[in-house]
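# Residue-level structure breakdown
If you want the building blocks of each chain, they are given just below.
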Amino acid sequence: MKIVIIGGTGLIGSQVANILKKDHEVIVASPNTGVNTITGEGLEEALKNANIVIDVSNSPSFDDEPVMNFFKTSNQHLLPAEKSAGIQHHIALSVVGTDKLQESGYFRAKQVQENLIKESGVPFTIVHATQFFEFAGGIVATSTSEGKVKLSNAYIQPIASAEVAAFVAQIATEKPANKILEIGGPERFQLDEWIKQYILSTQKSLEVETDVNAPYSGAILEKTTLTPKNPVYLGTTEYLAWISKPENQR
C-alpha cells in the first residue's frame, strides 16, 4: 500500500514510518519534505494513488489562536484532498480526555480536528493516547512557577512513544474503526507522583507542590480525565525501566 504520514518527521511519525516502510510505500509528509497542510502545498501530489493517510502532526505553537488555526486549517485542506484522492482510511492521533479538557485552547483545537474528521466522509480511526513518557520534561517546564512544579494529583497513565507508534502502524493496515480507540500505558500514577519519579531519575533539583486545582494545559483536571475509560490496548513498558536508560533522561 501507499501510506502518507502527515507529520512524518516528528517523534511519532518517524517511528511509524520506520515500521511501515518495511512492507509498504511510505511518503513522509511535512513542510521539510515539501508537503504543507497549512498552505496545501504538495498535498495533491503526495496523495496521488495513496491508500492511507496517517496524521500525527502537531502545532508548532500551543497558544490558543495559533493552535486552533493550525488544526482547523490543516484539516480543512487535508480531508477534502483525501476525499478527492479516494483515501480509504484516515488515522489521526489525539489525546485521551480531549472532550473533558475544553477549558484548554489546545484541546479545543484537537476537538475541532476530531469533529472535522468525523464529518469528512473519509473512513477514519481516531487514536486517543495518554501522555507519552517523553512529555514529562515538558510538563515540568509548563508547570513550574516561583521555583516549584505545581501539579494536580489526578491520575495519569503514561505510555512510551514507541508503543504508540507501533499501535498506530498496526491500525493503519486494518479496516477503519470509524470511532475513537483509546490506548494507554501499563501503570496508573498520580500526576504529581509521576513527575517526582522523573525529577528523581533525572537528578533535577526541583520541588513538586501538589495542588488539586493546578491547571494542566490550561484546564482543571478531574481525577480520571487523563486515563482511558475503555482502552483497546495497554503498553507493557514500565516507566521506571524506561527512564533508567540514559538516552531517555532528558
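My aim in this report is to walk through the structure given alongside it, one point at a time. (Residues numbered from 1 in each chain as written. Predicted model: local features only at pLDDT ≥ 70, side-chain atom pairs only at ≥ 80, totals over all residues. Heavy atoms only, no water.)

Let us now look at the side chain of Thr227. As for its placement among the helices and strands, Thr227 is situated in the loop between strand E13 (219–220) and strand E14 (231–234). Judged by relative accessible area, which is 7%, Thr227 ranks as buried. A polar contact of 2.9 Å, which involves the side chain of Thr227, links it to the backbone oxygen of Thr224. Contacts of Thr227, omitting those with residues within four sequence positions, involve Val96, Tyr155, Ile156, Gln157 and Arg188. (Helix = DSSP H or I, 4+ residues; strand = E, 2+ residues; numbered from the N terminus. Buried < 20%, exposed > 50% of the residue type's maximum accessible area, 1.4 Å probe, protein only. Polar contact = N/O pair within 3.5 Å; in protein donor to acceptor, adjacent residues only side chain to side chain. Contact = heavy atoms within 4.5 Å.)

Of all hydrophobic cores here, the largest spans 31 residues; its most connected members are Leu191, Trp194, Ile195 and Tyr239. When contributions to this core are tallied by element, the ones reaching two or more residues are helix H3 (64–85), helix H4 (105–119), helix H5 (136–143), strand E7 (148–151), helix H7 (191–201) and helix H8 (239–243). Broken down by element, the residue count for this core peaks at five residues, all from H7. When residues no more than four places from it in sequence are discounted, the contact partners of Trp194 are Phe132, Phe133, Ala136, Ile139, Ile156, Pro158, Phe189 and Tyr239. One finds Ile5, Ile52, Ala165 and Val168 within the second-largest nonpolar core, a separate group that totals 25 residues. (Core = buried A, V, L, I, M, F, W, Y, C linked by side-chain atoms within 4.5 Å.)

A word on unusual backbone geometry. Despite not being glycine, Glu146 shows a phi value in the positive range, around 55°. Locating Glu146 in the fold gives a position in the loop between strand E6 (144–145) and E7. Residue Glu146 is classed as exposed on the basis of its relative accessible area, which comes to 75%. The phi dihedral of Ser217 falls on the positive side, at around 55°, and the residue is not glycine. Tracing the chain through its elements places Ser217 in the loop between strand E12 (215–216) and E13. For Ser217, a relative accessible area of 38% gives the class partly exposed.

By themselves, these figures tell us nothing about what the structure is for.
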